[in-house]
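Below are the chains, spelled out letter by letter.
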Amino acid sequence: MSNLGTVITAMITPFDEELQVDLKKMEQLTERLIQLGSDGLVVTGTTGESPTLTMEEGLSLYECVIKTAAGRVPVIAGTGSNNTQQSIELTRKAEELGADAIMLVTPYYNKPPQDALYAHFSSIASATSLPIMLYNVPGRTSRNIEAETVARLAQIDNIIAIKEASGDLDQVSKIRRLTPPEFTIYSGDDSLTLPIMAVGGKGVVSVASHIVADRIQTMVKAFKCGQVEEAARCHRELLPIFQAMFVTTNPIPVKAALKLTGFDVGGLRLPLAEATTEEVAFIKQVLVEAALL
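Bear in mind that the values here come from a model prediction, so they are computed numbers and not experimental data.

### Digging into the overall build of the protein
So, point 1. A tally of helices and strands in the protein yields twelve helices and eight strands.
So, point 2. What you see for the protein is a C-alpha radius of gyration of 18 Å, in line with the 19 Å of a compact globule of 293 residues.
So, point 3. Considering only C-alpha atoms, the protein reaches an extent of 45 × 45 × 35 Å along its principal axes.
So, point 4. Counting the 293 residues in the protein, one finds 55% classified as buried.
So, point 5. When the accessible surface of the protein is split by element, carbon and sulfur atoms take 51% of a total near 12200 Å².
So, point 6. For the protein, the distance from the average site of its 25 positive side-chain charges to the average site of its 34 negative ones is 3 Å.

Below you can see the structure in the form of C-alpha cells.
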C-alpha cells in the first residue's frame, strides 16, 4: 500500500483505572477517528506512549485497530526502537497481524552515525514486505536523519515515506529535492503542516487530529485545490489548537483535551504525568474558543 493517507492520526493509547491497556476504548477511539476524518492511523508511536508498552501490549493494540478499521483506512504499526533486532521481530509480528505499513523512529539514545542509521533502517526494510515510513524527530532522539541519508534510504523499494519532525523547513526542502516524487513527506508537527505542504509535503501525522481531523482535512484539501488563502485562513484558525496540544509533553495535553470533550481515555504511565490544573484550564479555554466545547 503506497497511499498511507493524508491526515494520519498518531493514536494515543487508552488506559483503564489501573493503567492497563483498554482495548474496548481503543476500538471506540479507532471508530471515532475514522468518522472524524482521519484517513490513516499510527498505533504505538510516541503519542501512544510506546516506551512504556510491552511487546504483548503493542501487538494487542495492532490487532485491535486492524480489526476495527477493517480496511477502511491504513493502519501503520510503530515498530521502531533503538534495538534493530527487536524492531525486526516486532515488524514481522505486525505484518503477520495484517498491518498495512510500519513506522520506524530514529534510534534514540544510541546516537548512531549516518551510515549506521542507513544500516539500521535498511536491515529492517529487508526483513519485511510492508511499506515503511521513517520518523525523524531529533528533539526526542538526539539524532537527525540527514537529507542525504533519507535520499539513500528512499532508493529502497519499500521505504516510501518520512514523518519529518525536525522543525527545519530547509531540511524538508532538501529531502524533497533529493528524493523521487513518489517518496512521500509528512509533517510531524501539526503547526508546520501547511508550510511543509508548500515545499512538497503531502499531509501530516497528527496529534491534534484526535479532535479536529475534519478541520485539518479542510485545510489540506483547500491547499491541494489551489485555494491558498483559504488554507492559510484554516491554518491560522487551527494554530491555537495545535499549540495547545504541545503546551507540555505530548501526549499529556491531547489526553486532557479528549477528557474535556467527553471521551475519557484514562491517565498516563510514568514517567509521564497528567496535565496540571493550569494546563487543563488553558486547554479548556482554547477548546471553548474553537467551539469544541
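There's plenty left to go through after this.
### Focus: the pattern of salt bridges
So, point 1. All chains considered together, the criterion is met by eight salt bridges.
So, point 2. With a closest N to O distance of 3.8 Å, Lys24 and Glu27 form a salt bridge. Residue Lys24 and its partner Glu27 are located together in helix H1 (residues 23-36), separated by three residues, close to a single helical turn.
So, point 3. Residues Arg233 and Glu230 are paired through a salt bridge, measuring 2.7 Å at the closest nitrogen-oxygen approach. Of this pair, Arg233 and Glu230 both sit in helix H10 (residues 228-244), three residues apart, which is roughly one turn of the helix.

### So, helix H7 (residues 169-178)
So, point 1. Within the sequence span of H7, burial applies to Gln171, Val172, Ile175 and Arg176. Each buried residue of H7 sits inside an arc of 140° when the element is viewed along its axis, so together they form one side. Facing away from the buried side of H7, by more than 90 degrees, are the exposed residues Asp170 and Arg177.
So, point 2. The inward-facing, buried residues of H7 abut strand S5 (132-136), helix H6 (147-153), strand S6 (159-164), strand S7 (184-187) and helix H8 (193-198).
So, point 3. Of the residues that open H7, the one with a side-chain oxygen 2.9 Å from the backbone nitrogen of Asp170 is Asp168.

### Side note on helix H4 (residues 114-126)
So, point 1. Look at H4: 18 Å from first C-alpha to last across 13 residues, which is about the 18 Å you get at 1.5 Å a residue.
So, point 2. Every buried residue of H4 is listed here: Gln114, Leu117, His120, Phe121, Ser122, Ile124 and Ala125.
So, point 3. Where H4 is buried, its residues meet helix H3 (84-97), strand S4 (101-105), S5, H6 and S6.

### Some thoughts on the sheet that holds S7
So, point 1. Taking strand neighbours around the barrel as the criterion, the eight strands line up as S1-S2-S3-S4-S5-S6-S7-S8 in a closed arrangement whose pairing is parallel. Going from strand to strand, the sheet's axes swing by 25° on average, the running direction of each strand aside.
So, point 2. Both strand S2 (residues 40-43) and strand S3 (residues 75-78) contribute to a ladder of three bridges, which runs parallel. Bridge assignment links Leu41 to a residue of S3, and that residue is Val75.
So, point 3. Together, S2 and S3 form the strand contacts of helix H2 (residues 55-69), whose direction differs from that of S3 by roughly 175°.

### Digging into the nonpolar core
So, point 1. Within the largest apolar cluster, 83 residues are counted, with the highest numbers of intra-cluster contacts made by Ile216 and Met245.
So, point 2. In this structure, Ile216 is in contact with Val7, Asp190, Val204, Ser206, Ala208, Ser209, Leu238 and Phe242, ignoring residues within four places of it in sequence.
So, point 3. By size, the runner-up hydrophobic cluster in this structure holds 16 residues, among which are Ala10, Met103, Met133 and Ala161.

### Overview of the packing of aromatic side chains
So, point 1. Inspection of the entire model under this criterion finds zero aromatic pairs.
So, point 2. Stacked on the ring of Phe263, the Lys or Arg Lys25 has its end atom at 4.7 Å from the ring centre.
So, point 3. Taking NZ or CZ as reference, Arg152 lies 3.8 Å from the ring centre of Tyr118, over its face.

So, how was this worked out
Residues numbered from 1 in each chain as written. Predicted model: local features only at pLDDT ≥ 70, side-chain atom pairs only at ≥ 80, totals over all residues. Heavy atoms only, no water. Helix = DSSP H or I, 4+ residues; strand = E, 2+ residues; numbered from the N terminus. Rg over C-alpha atoms; globule rule 2.2 N^0.38 Å. Buried < 20%, exposed > 50% of the residue type's maximum accessible area, 1.4 Å probe, protein only. Areas by Shrake-Rupley, 256 points an atom, 1.4 Å probe, with all protein chains shown as cover. Lys, Arg positive; Asp, Glu negative; His and termini not counted. Charge placed at Lys NZ, Arg CZ, Asp CG, Glu CD. Salt bridge = Lys/Arg side-chain N within 4 Å of Asp/Glu carboxyl O. Arc of directions from axis to C-beta. Contact = heavy atoms within 4.5 Å. Polar contact = N/O pair within 3.5 Å; in protein donor to acceptor, adjacent residues only side chain to side chain. Expected span 1.5 Å × (residues − 1). Pairing = 2+ DSSP bridges. Axes fitted to C-alpha atoms, helices over the stretch in contact; angles between N-to-C directions. Core = buried A, V, L, I, M, F, W, Y, C linked by side-chain atoms within 4.5 Å. Phe/Tyr/Trp six-rings, centres within 6.5 Å; stacked < 30°, edge-to-face > 60°. Lys NZ or Arg CZ within 6 Å of the ring centre and 35° of its normal.

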